[in-house]
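Structural description and commentary
Below, each chain spelled out in residue letters.
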Amino acid sequence: MIRRWFWGLIGCWLACGAAAAQESTFAAVSRQVNQKMVKIFGAGGYRGITAYCTGVLISPEGDILTVYSPTLDSVDLRVHLYDGTRHSAVLVAAEPQLDVALIRIKDREPFKLQPLPHVDLGQLPPPPQVGDWILAFSNSFEIATGDEPVSVQRGVIAAITPFAGRRGIHRAAYQGTAYILDAVTNNPGAQGGLITNRRGEPLALIGKELKNTLTETWVNYAMPLPALASFAAKAMKGEYKPIVREEDKPLPNPGRHGLILVPDVVDRTPPFVESVETGSPAAQAGFQPDDLILFLRAKRPDAVEEEEEQVVTSVKTFREAMNALPPGTAVRCVVRRGSQLLTLEFKLEPAR
Amino acid sequence: MMPRRFPLFNLYQSPFLPPALRRAVLAGLAFSLLWMLSLAPAWLTGQDVDPRIREAEAQRLAAIERVRPAVVAIFARGGGGGGSGVIIDPEGYALTNFHVVQPCGNFMHCGLPNGELYEAVLVGLDPVGDVALIKLMPHQPGAPFPFAPLGDSDQVKVGDWSIAMGNPFLLATDFTPTVTFGIVSGTHRYQYPAGTILEYTDCIQTEASINPGNSGGPLFNLDGQIIGINGRGSFEKRGRVNVGVGYAISINQIKNFMGHLRGGMIVDHATLGAVVKTDEEGKLSVQQILGTVDAYRRGLRDGDELISFAGRPLSSVNQYKNILGIFPKGWRLPLVFRHYDEEKKTTQRVETLVRLAGVHRRDQLEGPGRPPPGRPQPAPRPGQPPSPQPPGPQPQPQPGQPLPAVEPPKDHPIRQWFAAKPGFANFYFNQFERDRVWTGFLKQLGGPMPAGPWKLEGEIVRPIKGPASFQLQSALIEAKWAEAEHRLEPLKPGESLENLSTPTGSGGLLAALYHWQRLLSLGEKGFEAEFHYGGTEPFYPQGAAGSALLCDVLLTEHAGVKCKWYFQPQDQILLGVEVWLEESVDPCEIVFGDYRLKDDRRVPHRWEIRHGDREFGVIVVQSLTWPKS
């Protein structure tokens, strides 16, 4: 009995030793993981949206998992693989609820003969625990192009927690469990990068840059791969249908504002106010006929902070936005009246 | 009796235990407490952790302890800013960033972790590479400084550990450096100039925290060797605080510039003089080449494909910039390219040596028009990758402008270490290095040679066989090369380039002999326009096919002709010379060999003469005579 214990202890000690030896250098792990990373170049370069991001190969034929962002909305989406080869890619599927997207290299022929090194989402390591070491691979700041390997950082999983991001340009719509990291992994262009354990086994996808506007602090989070695996599998088979996000659905009883806009006749009818219902929140805020609504900001009654400012491009966008807001939401509009810009605020009432 | 307020330990009063048992339990508790206490230190020192982890930790601590004394906290005199640095030899030479010393002027104060403050003087500058060499002055003359050894940054791999040390936010008023630790995130990184002439090429990216004030400090490997000089970071929208992306100038790049820096020079970076682009297949080709550069004379033309440079294969524009960016202007390096001949419709692979041109004008390097680094950089243009910024010297919290640097008083002893001269960071050190080389050269030569006439007779062994003889008089050189006779009056006004470069095809062998005689007999007095130390440069005794030897260089100019003299670094033997009759025309090159003692003078007995891509000839000297002094 004691002898068995003794050998067990020796075994544990040896296993720890082997792990320690591997831990002493991450060079081999970095080289191996980097072969599965791609540099993605697309649309952007304005308003804080980078024209580049990171992705992970998840099939031998050039399927790439990344974070959904406006960067992918490009007719000229390009990826650079580890070996420096450059390819055109196309957006296959995106899931706003999970904040992930699948893109695919257009010309898959070469990879039938020479399969690409990739992450197999069907064979993931056991989930990590708080305190575990991680490595982060991403093309933050677009440091790498062509055959240059992406940047590697090291950190610790500081927390594993349900995640609630915020709306806006840099919104993180992901709603599941997230890993919160102690290293600054979520830099510009890092989204879609890979978090691995110290052995280089894939754990999670690096999320977006995310700032709490109340505390001015940045959150470095990553989305566990098991949560994204079924999306990826369906998207690769072409079977994926996006989930409609709860908060974007029109509410059965949206809040009442009392603004009547001009008839929506063309594709992008400018959101001019036709009339204002007497005694309505909009009337109290001082809206007048012929005001042109430019921007909109909302703070839902249950929300801690305001949502990011939205540009109101048409009657339709205004209606959609307002139909998703419940009574009690504080709304701030910027309107143009003649040559003046005015900020008008009101609170949505329950519908009558 | 135990007080009641410790109910957990109030066993003594427990009604459930008989007194004897109570005593036994207490004794047991006391014993286990003692036992735990005896174990506690073992647990605290972590003997349950793998001994190899302990060992690695101990090694790391030892490395930090070993090199920490060499880390410098740099302050502008007058307190108007500062940064970090590291001492690299016992004499007190220390590396830092250009943007750290720039606000300091020519003199600065340096604090070492021993708590003492030292005077320091600027030695050399590499403004493009953001490197500066300074020298600390010991309190006792000749007292050695602690220093850190230089490593080999080409051996650094992504994932390796790195240790940064320095003085972030100028925290350390007692000059002890802050140590930050992280893995190497990238190697051979190219970072675009950030609104200035500063360009980080082939640099090391580290996640070890680099913040304002860390600039100029060392990045170490786990052996405590310097692998880089920290100086830049990517910050973007989070203010000037580290976000896990810092950059260090690779130490191997700095090694290439070290000779120039020690020589008090303001050294420029290099260009081929060609614009290159990558095509879809990743081939790197020349888009546009200047007609005046050496690469053009070596046959490089628009459309040619670049294969390798300085022994490294080329596959991307970034890589090309990386490789080019680590060399000083004027260096000669191997280039391999593929040239397509339009007329013959053939492709030819060319392996050659190319002299690199400078990137900047002198006024750009030292002029006031240069935007001061260390200030907030202009935002990158849309679509451009965000330029990383130097964390900068940490300015003191002063409203408005940082304090102006205070010059030391006129009679301050530090001033004897400084000499101003346009084009030099500190001409004192140029004279110092020049004198070192010159003294060594005279020692191995056996003393200055008497003035002419000299008579040199020998035999041509290549490409033809035949006699060669030269008569060197002060302003007249006469020669016989095989059957032909040549004559040169080097100082004759209005002499054409064609006459000066006689014999035809040599690029000016007679002129070269004239300058060689002047160097050996007159020394500095023979070169009215220039007689400087030129740093270190590679020299190729066997030409393009052979290996390079890093040599000390003296630059001379007399009568409008510039010469570059190459000296073997350990003993200052003169290995060769390039004689430039005109800047845009290939020089006459001579490789001196087979040094033998003749009448107390050690002189070369084998001369290999080259010009352009060809060898002009090789002569074996049979006799060299000069008037007895």
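I will try to describe carefully the structure that is included in this document. (Residues numbered from 1 in each chain as written. Chains lettered and ligands numbered in written order. Predicted model: local features only at pLDDT ≥ 70, side-chain atom pairs only at ≥ 80, totals over all residues. Heavy atoms only, no water.)

**Remarks on the overall build of chain B**
Filter applied, for reference: Strands are runs of DSSP state E lasting at least 2 residues, helices are runs of H or I lasting at least 4, and numbering of each runs from the N terminus. Throughout, exposure labels follow a simple rule: accessible area from a 1.4 Å probe, protein chains only, divided by the maximum for the residue type, with under 20% read as buried, over 50% as exposed, and the rest as partly exposed. In what follows, a contact means two residues having at least one pair of non-hydrogen atoms within 4.5 Å.
Secondary structure summary: chain B contains 10 helices and 31 strands in total. Here chain B holds 629 residues, and 54% of them are scored as buried. Taking all contacts inside chain B whose residues are at least 6 apart in sequence as the whole, residues at least 24 apart take part in 60%.

**Describing helix H10 (residues 509–522) of chain B**
Residue and element names in this part refer to chain B. The test is simple: Expected span of a helix: the number of residues minus one, times 1.5 Å.
For H10, which comprises 14 residues, the first-to-last C-alpha distance of 19 Å matches the rise-based estimate of 20 Å (1.5 Å per residue) to within 8%. Most of H10 sits inside the fold, with 13 of its 14 residues counted as buried. A positive phi of about 65 degrees marks Gly523, the residue just after H10.

**Some remarks on the pattern of salt bridges**
Residues and elements named next belong to chain B. This is how the line gets drawn: Every case where a carboxyl oxygen of Asp or Glu lies within 4 Å of a side-chain nitrogen of Lys or Arg is listed as a salt bridge.
For the coordinates displayed, the defined rule picks out 43 salt bridges over all chains. In this structure, Glu407 engages Arg415 in a salt bridge whose closest nitrogen and oxygen atoms are separated by 3.2 Å. Relative accessible area serves as the criterion here: at 23%, Arg415 is assigned to the partly exposed category.

**Comments concerning the packing of aromatic side chains**
Using the following cut-off: A pair of Phe, Tyr and Trp rings is counted when the ring centres sit within 6.5 Å of each other, with Trp represented by its six-membered ring. The angle between the planes then sorts it: under 30 degrees is stacked, over 60 is edge-to-face, the rest tilted.
Taken as a whole, this structure holds 29 aromatic pairs over all chains when the rule is applied. Relative to Tyr221 of chain A, the ring of Phe163 of chain A lies with its centre 4.3 Å away and its plane at 25 degrees, an arrangement referred to as stacked. Remark: Tyr221 of chain A occurs in strand E14 (residues 221–224) and Phe163 of chain A occurs in the loop between strand E8 (151–162) and strand E9 (177–181); sequence separation between them is 58 residues. For the residue pair Phe163 of chain A and Tyr221 of chain A, the accessibility class agrees, reading buried in each case. Between Tyr428 of chain B and Phe429 of chain B, the ring centres sit 5.2 Å apart and the planes meet at 75 degrees, which makes this aromatic pair edge-to-face. Classification of Tyr428 of chain B by relative accessible area gives partly exposed; the value is 25%.

**Some points on the sheet that holds E9 of chain A**
Residues and elements named next belong to chain A. Selection criterion: Whether two strands pair comes down to DSSP finding at least two bridges between them. Angles shown run from 0 to 180 degrees and are taken between the N-to-C directions of axes, each axis being a line fitted to C-alpha atoms and, for helices, limited to the stretch in contact.
Strand order in the closed barrel made by the six strands is E7-E8-E9-E14-E11-E10, with antiparallel pairing throughout. The average undirected angle you get between the axes of adjacent strands in this sheet is 40 degrees. With three bridges connecting them, strand E11 (residues 202–206) and E14 associate as antiparallel partners. Bridge pairing links Ala204 to Pro224 in E14. Strands in contact with helix H2 (residues 27–34) are strand E7 (133–138), E8 and strand E10 (194–197); relative to E7, the strand with the most contacts, it is inclined by about 45 degrees.

**As for helix H4 (residues 251–262) of chain B**
Residue and element names in this part refer to chain B. Burial analysis of H4 places 10 of its 12 residues in the buried class, which makes it a mostly covered element. Within H4, the full set of buried residues consists of Ile251, Asn252, Gln253, Ile254, Asn256, Phe257, Met258, Gly259, His260 and Leu261. Where H4 terminates, the next one or two residues include Gly264, which has phi positive at roughly 70 degrees.

**Notes on a nonpolar patch on the surface**
Residues and elements named next belong to chain B. Definition in use: Patch membership is restricted to residues that have no salt bridge and whose relative accessible area is over 30%. Joining uses 9 Å for like charges and 5 Å for the nonpolar side chains Val, Leu, Ile, Met, Phe, Trp and Tyr. The Shrake-Rupley method, run with a 1.4 Å probe, gives the accessible areas here. Residue values count only the displayed protein chains as cover.
Among the surface-exposed residues, Phe169, Leu171 and Val241 lie close enough to one another that they form a single nonpolar patch of about 270 Å² accessible area. When you line up the elements, Leu171 lands in the loop between strand E7 (161–166) and strand E8 (178–191). Overall, Leu171 belongs to the exposed group, its relative accessible area being 55%.

Shape is all these values report; function is a separate question.
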